Amino acid sequence: MHHFISFEGGDGCGKSTQLQQTAAWLRQQGQQVLETKQPGGTGLGLEIRRLLLSGEFPPVSECELFMFLADRAQHVKEVIQPALKQGQWVLCDRYSDSTLAYQLAARGLDCGVNLRPMLAFAEMGCVPKQTFWLDVSIETALLRIKKRQQKGEKNNHFDDETMTFHQRVHQAFESIYIENTTRVVRLDASQPIEVIQQQIRQSIIC
Ligand code: TYD
């Protein structure tokens with residue numbers, strides 16, 4: 001039995017907080033938990049992340065896709081698979097659904113060539129047992145990004161994208177949810193943090 005859970009959602013949906021609280025709760029039950037993220041769950045991945053998010057050398061969409069997949073392959077083999085083998089729970093902030101939403105859907109790469117086998121190749125059979133999708137309206141997401149900016153947090157490359165881009169990301173997550181209702185749990189991210197956390201705890205399959 002593997003305990004691999006991903007957390008997904010548009011930018012500023014609050015998934016990192018939910019991931020941390022879920023990890024703390026599982027540890028209280030005596031479980032070993034690894035909290036990790038994509039991009040940037042390995043040393044190499046952190047370098048890839050820096051390149052991807054700094055905006056210093058903006059990649060073309062095709063290159064951006066390969067960079068996310070490179071990060072994922074390294075992360076799966078170096079970190080996720082070994083942790084799962086040791087019986088740990090792995091909670092990952094973003095995974096392949098983000099690539100489907102941001103690169104294939106929002107960047108519009110999903111035409112002509114079937115890229116899904118490549119996504120599966122990078123996963124190496126490591127598919128989340130459950131995915132918590134924090135569904136937040138685009139307006140709320142943009143507001144939260146703005147607040148973060150006002151607090152002096154640096155913008156990332158994706159925060160500057162257009163409304164249409166964020167709408168496409170949202171639509172893609174919606175489709176992923178509809179196509180995978182057994183794996184993906186949809187959570188209304190406009191609810192208070194504690195309410196969402198309660199829903200997560202009730203949905204987790206041990
Ligand atoms: P991060 O700071 O982790 O954003 P957030 O706090 O919103 O999760 O930055 C990750 C960014 O990378 C985020 O905007 C989504 C994007 N991303 C992709 O475009 N494709 C992917 O496959 C992944 C994993 C992330």
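For the structure, see preceding data.
Residues numbered from 1 in each chain as written. Predicted model: local features only at pLDDT ≥ 70, side-chain atom pairs only at ≥ 80, totals over all residues. Heavy atoms only, no water.

A word on the site of the ligand
Around the ligand lies a shell of 15 residues, among which Asp11, Lys15, Arg94, Thr99 and Gln103 are the nearest. A distance of 2.8 Å is found between an oxygen atom of the ligand and a side-chain nitrogen or oxygen belonging to Arg94. Within the side chain of Gln103, a nitrogen or oxygen atom sits 2.7 Å from a nitrogen atom of the ligand. Relative to its unbound accessible area of 540 Å², the ligand is 92% covered by the protein chains. Looking at the shell around the ligand, the elements with two or more residues in it are α2 (43-54), α3 (61-85) and α4 (96-106). Looking at the shell around the ligand residue by residue, the classes come out as 5 nonpolar, 5 polar and 5 charged. (Near = heavy atom within 4 Å. Polar contact = N/O pair within 3.5 Å; in protein donor to acceptor, adjacent residues only side chain to side chain. Areas by Shrake-Rupley, 256 points an atom, 1.4 Å probe, with all protein chains shown as cover. Helix = DSSP H or I, 4+ residues; strand = E, 2+ residues; numbered from the N terminus. Nonpolar A, V, L, I, M, F, W, Y, C, P; charged D, E, K, R; others polar.)

Here we look at the packing of aromatic side chains
According to the stated counting rule, one finds 8 aromatic pairs in the structure shown. Taken together, a centroid distance of 5.6 Å and an interplanar angle of 40 degrees make the contact between Phe7 and Phe132 tilted. Residue Phe7 is located in strand β1 (residues 3-9), and its partner Phe132 is located in strand β4 (residues 130-135); the two are separated by 125 residues in the primary sequence. Note on accessibility: Phe7 and Phe132 belong to one class, buried. (Phe/Tyr/Trp six-rings, centres within 6.5 Å; stacked < 30°, edge-to-face > 60°. Buried < 20%, exposed > 50% of the residue type's maximum accessible area, 1.4 Å probe, protein only.)

Some points on the sheet that holds β4
With parallel pairing, the 5 strands of this open sheet are ordered in space as β2-β3-β1-β4-β5. Only two strands of the sheet have a single neighbouring strand rather than two, namely β2 (33-37) and β5 (184-188). This sheet shows a mean twist of 20 degrees between the axes of neighbouring strands, independent of strand direction. With respect to the sheet, helix α1 (residues 15-28) is in contact with β1, β2, β3 (89-93) and β4, its orientation differing from that of β3 by roughly 170 degrees. (Pairing = 2+ DSSP bridges. Axes fitted to C-alpha atoms, helices over the stretch in contact; angles between N-to-C directions. Contact = heavy atoms within 4.5 Å.)

Some thoughts on the environment of Leu69
Along the chain, the position of Leu69 falls in helix α3. Between the alpha carbons of Leu69 and Val79 there is a distance of 15 Å; along the sequence they are 10 residues apart.

Things to note about the pattern of salt bridges
Overall, the coordinates contain 8 salt bridges when judged by the stated rule. For the salt bridge of Asp93 with Lys15, the shortest nitrogen-to-oxygen distance reads 2.8 Å. Highlighted residues: Asp93 in strand β3 and Lys15 in helix α1, separated in sequence by 78 residues. Judged by its relative accessible area of 12%, Asp93 falls in the buried class. (Salt bridge = Lys/Arg side-chain N within 4 Å of Asp/Glu carboxyl O.)

Structural notes on the environment of Val76
Checked against the element boundaries, Val76 lands in helix α3. Residue classification places Val76 among the buried residues on the basis of a relative accessible area of 0%. For Val76 and Gln28, which are 48 residues apart along the polypeptide, the C-alpha to C-alpha distance reads 26 Å. Once you skip the residues sitting within four places of it in the chain, Val76 turns out to touch Gln81, Pro82, Tyr95, Ala122, Glu123, Met124 and Cys126.

Notes on the side chain of Asp135
On the secondary structure map, Asp135 appears in strand β4. A distance of 2.8 Å separates a polar atom in the side chain of Asp135 from a polar atom in the side chain of Arg186.

Examining unusual backbone geometry
Cis geometry marks the peptide bond from Gln38 to Pro39; its omega dihedral reads -5 degrees. On the secondary structure map, Pro39 appears in the loop between β2 and α2. Notably, Arg94 is not glycine yet its phi reads approximately 75 degrees, a positive angle. Its place among the elements puts Arg94 in the loop between β3 and α4. Phi is positive for Met124, close to 50 degrees, though the residue is something other than glycine. Within the secondary structure, Met124 is located in the loop between α5 (116-123) and β4. What makes Met124 partly exposed here is its relative accessible area of 31%.

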